[in-house]
Amino acid sequence: MDELAGRTAVVTGGGSGIGRGIALGLAAEAMTVVVADLHVESAEAVVAEIAERGGSGLAVQADVTSTESLAAAAKETLARVGPASLLCANAGVLAKIAPLEKHTLEDWEYTLSVNLLGVVKTVDAFLPALRRNAPQAHIVNTASLGGLISAEGFPIGAYVASKYACVGYSEVLRAELAGEGIGVSVLCPGVVESSLVATSMRNRPQGFGAQDAPEMNLRSGSDPAPAPVPSFMAAEDVGPIVVRAIRANRLHVLTHPAAREAVERRFEGIREDFDFASGSD
Ligand SMILES: NC(=O)c1ccc[n+]([C@@H]2O[C@H](COP(=O)([O-])OP(=O)(O)OC[C@H]3O[C@@H](n4cnc5c(N)ncnc54)[C@H](O)[C@@H]3O)[C@@H](O)[C@H]2O)c1
């Protein structure tokens with residue numbers, strides 16, 4: 001997809017953090033940005049920011065764990081700003097910071113319901129609109145650097161598993177939609193300033209039990225737990241990186257060059273295991 005101006009983009013979780021950064025980046029490219037969020041007030045605040053900068057947007061309420069809510073958001077988008085050409089399935093949660101033995105089943109269910117099934121449901125809801133615009137159509141799913149490496153020393157097992165799954169889903173989706181001219185990318189950011197932990201606690205539905213993660217925001221200057229790549233990026237810096245990757249139809253959208261070595265170590269380990277399996281070590 002190389003024609004962005006004048007087209008419609010949808011960003012879930014667009015009311016905060018990385019979603020807000022992507023929304024502002026797309027609006028700067030003259031796209032009409034539908035900012036979809038569980039909390040419509042935060043989506044409205046981002047749309048107001050877009051308008052202040054001379055762009056245009058629409059705030060819609062959407063819960064990515066609900067097919068009904070997403071169907072309503074897709075219908076409202078179609079009716080008010082036309083079929084989307086770009087979908088950023090970005091909403092996600094970090095529900096637990098603790099070793100696996102401390103993860104409850106509810107921690108797993110909440111994490112997977114947003115970070116994996118939420119992405120699948122979002123794509124299902126907006127794919128019919130994207131198909132109307134192909135080949136000027138693209139999907140960006142937000143996974144994490146934690147979808148490529150398992151964040152040693154940072155106990156977020158359910159999150160890592162959900163993000164590996166998001167990467168796998170995105171790779172398959174890319175292969176399956178290529179013939180239709182619809183591009184698919186997966187955004188794998190390192191640490192970006194956001195409200196991820198606080199928002200995840202606030203948003204956790206009753207049915208998924210209580211969350212006992214410490215109050216911690218992913219903000220430089222607060223007191224974050226050790227992170228895989230301890231360099232914070234401003235959310236607004238993510239937008240232009242995503243725009244460039246969409247235009248080039250890159251599979252992985254990478255934000256933190258310093259993470260390269262850790263990813264290479266993972267693949268080196270896999271290569272060594274192949275050598276071992278073939279008896280050549
Ligand atoms: N911040 C980081 O360091 C970082 C790093 C890698 C990946 N990510 C991923 O980036 C994405 C955005 O996270 P962020 O860090 O900007 O966090 P954030 O909490 O600042 O923003 C997430 C937004 O998603 C919304 N949201 C949560 N659950 C929702 C639901 N069920 N339906 C609709 N909206 C919902 C929240 O209301 C919030 O506005 C997530 O997928 C996260 O896993 C973040």
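Residues numbered from 1 in each chain as written. Predicted model: local features only at pLDDT ≥ 70, side-chain atom pairs only at ≥ 80, totals over all residues.

Scored by pLDDT, the protein has a mean of 91; 89% of the residues are at 70 or more. For residues 213-229, every residue scores under 50 in pLDDT, and the model assigns this stretch 44 contacts once sequence neighbours within four places are set aside. (pLDDT = per-residue confidence, 0-100. Contact = placed C-beta atoms within 7 Å.)

This paragraph deals with helix α9 (residues 260-277). Its 18 residues give α9 an end-to-end C-alpha distance of 26 Å, which sits within 8% of 26 Å, the value for a rise of 1.5 Å per residue. The buried fraction of α9 is low, at zero of 18 residues. G279, located one to two residues past α9, shows a positive phi value of around 75°. (Helix = DSSP H or I, 4+ residues; strand = E, 2+ residues; numbered from the N terminus. Expected span 1.5 Å × (residues − 1). Buried ≥ 20, exposed ≤ 12 C-beta atoms within 10 Å, placed from the backbone.)

A word on the site of the ligand. Taken together, 32 residues form the shell around the ligand, and within it G13, G17, G92, S194 and T199 come nearest. Going through the elements one at a time, α1 (17-27) and α7 (196-203) are the ones with two or more residues in the shell around the ligand. Tallied by class, residues from the shell around the ligand come to 12 nonpolar, 18 polar and two charged. (Near = placed C-beta within 6 Å. Nonpolar A, V, L, I, M, F, W, Y, C, P; charged D, E, K, R; others polar.)

In this section: the pairing of strand β6 (residues 182-188). Counting buried residues in β6 gives seven out of seven residues, a clear majority hidden from the surface. The side-chain alternation of β6 yields two buried faces, one formed by I182, V184, V186 and C188 and the other by G183, S185 and L187. Two elements, strand β5 (residues 137-142) and β6, share six bridges in a ladder whose sense is parallel. Within the sheet, the bridge partner assigned to N141 lies in β6 and is V186. Taken together, β5, helix α6 (residues 157-177) and β6 form a β-α-β motif whose crossover is right-handed. Taken together, the three bridges between β6 and strand β7 (residues 252-254) define a ladder with parallel strand orientation. Bridging from a neighbouring strand, L187 pairs with V253 of β7. (Pairing = 2+ DSSP bridges. Right-handed = clockwise from strand over helix to strand, strands pointing away.)

Remark: α1 packs on helix α8 (residues 235-248), axes separated minimally by 7 Å, with the N-to-C direction vectors making an angle of 55°. By the criterion of interaxial angle, the relationship of α1 to α8 is oblique. Two packed elements cross with a definite hand, and for α1 against α8 that hand is right-handed. Packed against α1, whose contacting residues are G17, I18, R20, G21, I22, L24, G25 and L26, the element α8 presents A235, E236, D237, V238, G239, P240, V242 and V243 at the interface. (Axes fitted to C-alpha atoms, helices over the stretch in contact; angles between N-to-C directions. Parallel < 35°, antiparallel > 145°, perpendicular 65-115°, else oblique. Left-handed = near helix turned anticlockwise from the far one by under 90°.)

Attention now moves to the sheet that holds β6. Reading across the sheet, the seven strands line up as β3-β2-β1-β4-β5-β6-β7 and stay open at both edges, with parallel pairing between neighbours. A single partner strand is all that each edge strand has here, and the edge strands are β3 (56-61) and β7. Recorded for the sheet is a direction-independent mean angle of 20° between the axes of neighbouring strands. Running over the sheet, α1 touches β1 (8-12), β2 (32-37), β3, β4 (86-89) and β5 and is turned about 170° from β1.

Residues A9, A23, V33, V35 and L87 are the most contacted members of the largest nonpolar core, which totals 77 residues. At seven residues, the largest contribution of residues to this core is made by α6. Non-local contacts of V35, meaning those with residues more than four positions away in its chain, are made with V11, G14, G15, A23, A43, V46, V47, G57 and A59. (Core = buried A, V, L, I, M, F, W, Y, C linked by C-beta atoms within 7 Å.)

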